[in-house]
Amino acid sequence: MKKNDPRYRNFVQILREELVPAMGCTEPIAIAYGAAKAREVLGCLPESIRVEASGNIIKNVKSVVVPNTGGLKGIEAAAAAGAVAGDAGKILEVISQVTDVQKSEIRGYLDSRDVTVAPAEGDVIFDIILTLTAGTDTVRLRIADYHTNIILIEKNGETLLKGGAVAAAGNAAGLTDRSCLEVEAIMDFVETMDVDDVREMVQRQVDYNYAIAQEGMSGDWGANIGKVLREHYGEDVKIRARYMAAAGSDARMSGCEMPVIIVSGSGNQGITASVPVVEYAKELGTDLETMLRAVALSDLLTIHMKTGIGRLSAYCGAVSAGCGAGAAIAYLNGGGFREVAHTLVNALATVSGMICDGAKPSCAAKIAAAVDAGILGYNMFRSSQQFRGGEGIVAKGVEATISNIGRLGRFGMRETDREIIRIMTGV
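Just so it is clear, the structure is predicted and the values come from calculations on it, not from any experiment. (Residues numbered from 1 in each chain as written. Predicted model: local features only at pLDDT ≥ 70, side-chain atom pairs only at ≥ 80, totals over all residues. Heavy atoms only, no water.)

## Overview of the pairing of strand β6 (residues 150-155)
Both strand β5 (residues 137-144) and β6 contribute to a ladder of 5 bridges, which runs antiparallel. Opposite Arg142, over in β6, you have Leu152 as the bridge partner. If you look at the hairpin formed by β6 and strand β7 (residues 158-162), you'll find 2 residues sitting between the two strands, and Asn156 has a positive phi there, around 50°. (Pairing = 2+ DSSP bridges. Helix = DSSP H or I, 4+ residues; strand = E, 2+ residues; numbered from the N terminus.)

## Comments concerning the packing of helix α12 (residues 317-332) against helix α13 (residues 337-351)
Axis separation between α12 and α13 bottoms out at 9 Å; the angle between their running directions is 150°. Classified by the interaxial angle, the pair formed by α12 and α13 is roughly antiparallel. Remark: the crossing between α12 and α13 carries right-handed chirality. Every residue of α13 that contacts α12 at Val319, Cys323, Gly324, Gly326, Ala327, Ala330 and Tyr331 is listed here: Glu339, Val340, Thr343, Leu344, Ala347, Leu348 and Val351. Among the residues forming the contact of α12 with α13, the class breakdown is 10 nonpolar, 3 polar and 1 charged. (Axes fitted to C-alpha atoms, helices over the stretch in contact; angles between N-to-C directions. Parallel < 35°, antiparallel > 145°, perpendicular 65-115°, else oblique. Left-handed = near helix turned anticlockwise from the far one by under 90°. Contact = heavy atoms within 4.5 Å. Nonpolar A, V, L, I, M, F, W, Y, C, P; charged D, E, K, R; others polar.)

## What about the environment of Tyr109?
Relative to the assigned elements, Tyr109 resides in helix α5 (residues 100-112). Between the C-alpha atoms of Tyr109 and Ala83, which are 26 residues apart in sequence, the distance is 9.5 Å. Here the side chain of Tyr109 touches Pro46 through a polar contact of 2.8 Å, landing on its backbone oxygen. (Polar contact = N/O pair within 3.5 Å; in protein donor to acceptor, adjacent residues only side chain to side chain.)

Here you go:
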């Protein structure tokens, strides 16, 4: 693919939009970001905060530790952290520099001020509306569609910013059109690109995400899935790929204050798409340039699969990233389009349908299962085995299968999503 091909520029820009740093699970961090920005507009610490959130936001914030809060969980903690100690200029690293004094202030704020949570009206999957009040002043801020997409700011009824309606599937407002993403085109781009065009952002992903994986293996985080895998399954590269990715999630879901580079709005997906690929590259003695191409391949495949599903769904996002990692492992082993396509189809047929029941320690175990499915998908191809079109949700051709997965995740699992939220909230 030549540099003057519009798709080339799009692929680079998509990676630039997606591979951004975040500290903590991105849904509570989006709330903290919104609260910090609203407080900035309000001009003082609010006397009260009201958070209206869509069901998927409530689901993903309920059980995860908000970093730099001393172990607090939930929407109230995220909103208070952003309002009390957030720096909106740092975006998804909004609470990365909270002092010990500020941690105490966050707890004190929750004890003494009114922070309320209510379901958002309507059926927008990703929706956060924050209302901050101090005296006679009120600021209302809305984030929709993805984590940093502020579409409305009002102060005392005056509109200061209006970003338009929530975008249609796959074409999120302000983001590069993802319709150019196809497996064959992604392979063409990755094999021919000037690595310097993506080097800085992909290398940062490798550095950040591998570092938190190492922390997960050395510290005591969550259910320690990474350590359990190593203890009971050994040190083979197939296991290392799983346990290192799981360990990154172990740490991240339990409040580790190290940043990660996200993919499709998710740190867990960013870890899953990169860490297993790095582990295989180390095992194979792969040169740096090829490893960066492989990680970029995994990222773009993950984004492609997630585009049809949407940012938030009852369909576990780790599945797409684990399948993308498996395909990138096929590439590291000398595979081309055929190997990558068959790996994806085999892996998607194996593990699609794993549910997302919010961010919490068990995400690490799901990541391990997704990476295992990706590796199995490649090994099936190596053994001349495959799942064929017409078998279940598998269709003839990788793009048709990915389309079916998008349909399943976005539409087919809507009622599943509602039931999960009802179970989690006790309704």
